[in-house]
Amino acid sequence: MMIDWIDHYKIGVDKIDRQHEEIISTINQLIILHEAAKDKNAVMTVFIGLINYFIYHFEREEILMSEYGYSDLERRRYENDMFCNNLEIAKLDYINGDLPSLAYIIDYIKIWLIDHIVIEDKKFSSECGLTV
Ligand SMILES: [Fe+2]
(Lines give C-alpha, C1' and ligand atoms only; values in the text may rest on other atoms or scores of the structure.)
Protein backbone atom coordinates (compact mmCIF):
# COMPACT_ATOMS: atom_id res chain seq x y z
CA MET A 1 0.00 0.00 0.00
CA MET A 2 1.36 3.42 -0.92
CA ILE A 3 2.08 6.09 1.69
CA ASP A 4 0.10 9.33 1.60
CA TRP A 5 1.96 12.46 2.67
CA ILE A 6 -0.06 14.03 5.49
CA ASP A 7 0.42 17.13 7.62
CA HIS A 8 1.04 14.95 10.66
CA TYR A 9 4.43 14.09 9.11
CA LYS A 10 5.63 17.71 9.16
CA ILE A 11 8.31 18.24 11.78
CA GLY A 12 8.44 22.02 11.38
CA VAL A 13 11.62 22.32 9.31
CA ASP A 14 10.71 22.96 5.66
CA LYS A 15 13.82 21.51 4.03
CA ILE A 16 13.58 18.34 6.12
CA ASP A 17 9.85 18.00 5.41
CA ARG A 18 10.57 18.28 1.67
CA GLN A 19 13.23 15.55 1.95
CA HIS A 20 10.79 13.28 3.79
CA GLU A 21 8.24 13.92 1.04
CA GLU A 22 10.83 12.96 -1.57
CA ILE A 23 11.63 9.74 0.32
CA ILE A 24 7.94 8.83 0.51
CA SER A 25 7.53 9.55 -3.21
CA THR A 26 10.47 7.24 -4.01
CA ILE A 27 9.09 4.47 -1.77
CA ASN A 28 5.78 4.80 -3.63
CA GLN A 29 7.63 4.40 -6.95
CA LEU A 30 9.17 1.22 -5.57
CA ILE A 31 5.73 -0.07 -4.52
CA ILE A 32 4.33 0.65 -8.00
CA LEU A 33 7.23 -1.22 -9.65
CA HIS A 34 6.85 -4.12 -7.25
CA GLU A 35 3.09 -4.41 -7.82
CA ALA A 36 3.59 -4.17 -11.58
CA ALA A 37 6.14 -7.01 -11.31
CA LYS A 38 8.71 -4.99 -13.24
CA ASP A 39 12.11 -6.45 -13.95
CA LYS A 40 14.86 -6.43 -11.36
CA ASN A 41 16.88 -3.72 -13.08
CA ALA A 42 14.04 -1.21 -12.87
CA VAL A 43 13.50 -2.05 -9.20
CA MET A 44 17.22 -1.84 -8.44
CA THR A 45 17.57 1.58 -10.06
CA VAL A 46 14.88 3.02 -7.79
CA PHE A 47 16.07 1.08 -4.74
CA ILE A 48 19.68 2.27 -5.11
CA GLY A 49 18.40 5.82 -5.63
CA LEU A 50 16.40 5.50 -2.42
CA ILE A 51 19.41 4.25 -0.43
CA ASN A 52 21.53 7.14 -1.72
CA TYR A 53 18.82 9.64 -0.86
CA PHE A 54 18.53 8.23 2.66
CA ILE A 55 22.30 8.67 3.08
CA TYR A 56 22.04 12.28 1.84
CA HIS A 57 19.06 12.94 4.13
CA PHE A 58 20.78 11.54 7.22
CA GLU A 59 23.89 13.63 6.51
CA ARG A 60 21.79 16.81 6.26
CA GLU A 61 19.88 15.98 9.44
CA GLU A 62 22.99 15.10 11.41
CA ILE A 63 24.61 18.41 10.41
CA LEU A 64 21.47 20.27 11.52
CA MET A 65 21.35 18.32 14.80
CA SER A 66 25.00 19.10 15.40
CA GLU A 67 24.42 22.82 14.76
CA TYR A 68 21.60 22.83 17.31
CA GLY A 69 23.52 20.73 19.84
CA TYR A 70 20.88 18.01 19.85
CA SER A 71 21.31 15.79 22.93
CA ASP A 72 20.50 12.50 21.20
CA LEU A 73 22.68 12.92 18.09
CA GLU A 74 25.05 10.01 18.74
CA ARG A 75 22.22 7.50 19.13
CA ARG A 76 20.61 8.88 15.98
CA ARG A 77 23.88 8.46 14.04
CA TYR A 78 24.07 4.85 15.22
CA GLU A 79 20.46 4.10 14.25
CA ASN A 80 20.87 5.75 10.83
CA ASP A 81 24.03 3.72 10.18
CA MET A 82 22.31 0.49 11.22
CA PHE A 83 19.39 1.24 8.92
CA CYS A 84 21.69 1.98 5.96
CA ASN A 85 23.59 -1.26 6.65
CA ASN A 86 20.31 -3.19 6.65
CA LEU A 87 19.34 -1.62 3.32
CA GLU A 88 22.71 -2.60 1.83
CA ILE A 89 22.22 -6.19 3.02
CA ALA A 90 18.66 -6.22 1.63
CA LYS A 91 19.97 -4.89 -1.68
CA LEU A 92 22.56 -7.66 -1.95
CA ASP A 93 19.99 -10.29 -0.94
CA TYR A 94 17.63 -8.98 -3.59
CA ILE A 95 20.35 -9.01 -6.27
CA ASN A 96 21.28 -12.57 -5.32
CA GLY A 97 17.65 -13.67 -5.38
CA ASP A 98 17.65 -14.62 -1.72
CA LEU A 99 15.04 -13.84 0.89
CA PRO A 100 13.80 -11.43 2.18
CA SER A 101 11.40 -10.59 -0.58
CA LEU A 102 10.97 -7.08 -1.92
CA ALA A 103 7.56 -6.82 -0.21
CA TYR A 104 9.24 -7.48 3.15
CA ILE A 105 11.94 -4.89 2.44
CA ILE A 106 9.35 -2.26 1.48
CA ASP A 107 7.34 -2.92 4.66
CA TYR A 108 10.50 -2.65 6.78
CA ILE A 109 11.41 0.69 5.16
CA LYS A 110 7.87 2.07 5.59
CA ILE A 111 7.67 1.17 9.28
CA TRP A 112 11.17 2.47 9.97
CA LEU A 113 10.54 5.74 8.11
CA ILE A 114 7.27 6.59 9.86
CA ASP A 115 8.92 6.01 13.25
CA HIS A 116 11.91 8.09 12.08
CA ILE A 117 9.67 11.04 11.17
CA VAL A 118 6.91 10.95 13.77
CA ILE A 119 8.97 9.89 16.80
CA GLU A 120 12.63 10.66 16.17
CA ASP A 121 12.68 13.77 13.99
CA LYS A 122 9.78 15.36 15.90
CA LYS A 123 11.68 14.78 19.15
CA PHE A 124 14.63 16.65 17.64
CA SER A 125 12.60 19.58 16.27
CA SER A 126 10.69 19.84 19.53
CA GLU A 127 13.77 19.79 21.78
CA CYS A 128 15.55 22.35 19.60
CA GLY A 129 12.56 24.68 19.32
CA LEU A 130 12.09 24.27 15.56
CA THR A 131 8.43 23.27 15.52
CA VAL A 132 5.98 25.56 13.74
FE1 LIG B 1 14.39 12.57 8.72
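Above this text is the structure in question.
The structure presented is a predicted model; accordingly, all values stated were derived computationally and were not measured. (Residues numbered from 1 in each chain as written. Predicted model: local features only at pLDDT ≥ 70, side-chain atom pairs only at ≥ 80, totals over all residues.)

Novice: Tell me what's going on with the packing of helix α2 (residues 40-67) against helix α3 (residues 73-96), and back it up with residues and numbers.
Specialist: Where α2 meets α3, the axes come as close as 11 Å, and the angle between the chain directions of the two elements is 175 degrees. As the angle between them shows, α2 and α3 are arranged roughly antiparallel. Every residue of α3 that contacts α2 at Phe47, Ile51, Phe54, Ile55, Phe58, Glu62, Met65 and Ser66 is listed here: Leu73, Arg76, Arg77, Asn80, Cys84, Leu87 and Lys91. The residue makeup of the contact of α2 with α3, split by class, is nine nonpolar, two polar and four charged. (Axes fitted to C-alpha atoms, helices over the stretch in contact; angles between N-to-C directions. Helix = DSSP H or I, 4+ residues; strand = E, 2+ residues; numbered from the N terminus. Parallel < 35°, antiparallel > 145°, perpendicular 65-115°, else oblique. Contact = placed C-beta atoms within 7 Å. Nonpolar A, V, L, I, M, F, W, Y, C, P; charged D, E, K, R; others polar.)

Novice: I'd like a description of the packing of helix α1 (residues 14-35) against helix α4 (residues 102-127), backed by residues and values.
Specialist: The description of two packed helices rests on the angle between their axes and on the distance between the axes. Packing of α1 against α4 brings their axes to within 11 Å, and their N-to-C directions diverge by 165 degrees. On the basis of the axis angle, α1 is roughly antiparallel to α4. Handedness of the crossing formed by α1 with α4: left-handed. On α4, the residues touching Ile16, His20, Ile23, Ile27, Leu30, Ile31 and His34 of α1 are Leu102, Ala103, Ile106, Ile109, Lys110, Leu113, Ile117 and Asp121. Grouping the amino acids of the contact of α1 with α4 by side-chain chemistry returns eleven nonpolar, two polar and two charged. (Left-handed = near helix turned anticlockwise from the far one by under 90°.)

Novice: How would you explain the nonpolar core if you had to name every residue and give the values?
Specialist: Counting ten residues, the largest nonpolar core is built from Ile23, Ile24, Leu30, Phe47, Leu50, Phe54, Leu87, Ala90, Ile105 and Ile109. Mapped by element, the contributors of at least two residues to this core are α1, α2, α3 and α4. If we ignore the near neighbours within four places in the chain, the residues touching Ile23 are Tyr53, Phe54, His57 and Leu113. (Core = buried A, V, L, I, M, F, W, Y, C linked by C-beta atoms within 7 Å. Buried ≥ 20, exposed ≤ 12 C-beta atoms within 10 Å, placed from the backbone.)

Novice: Please provide a residue-by-residue account of α4, values included.
Specialist: Helix length check: α4, at 26 residues, gives a terminal C-alpha distance of 36 Å against a target of 38 Å (1.5 Å per residue), a fit within 8%. The largest bend in α4 amounts to roughly 35 degrees and is located at His116. Taken together, the buried positions of α4 are Ile105, Ile109, His116, Asp121, Phe124 and Ser125. Directly beyond the C-terminal end of α4, a positive phi value near 70 degrees is found at Gly129. (Expected span 1.5 Å × (residues − 1). Bend = angle between axes of the 7 residues up to and from the residue.)

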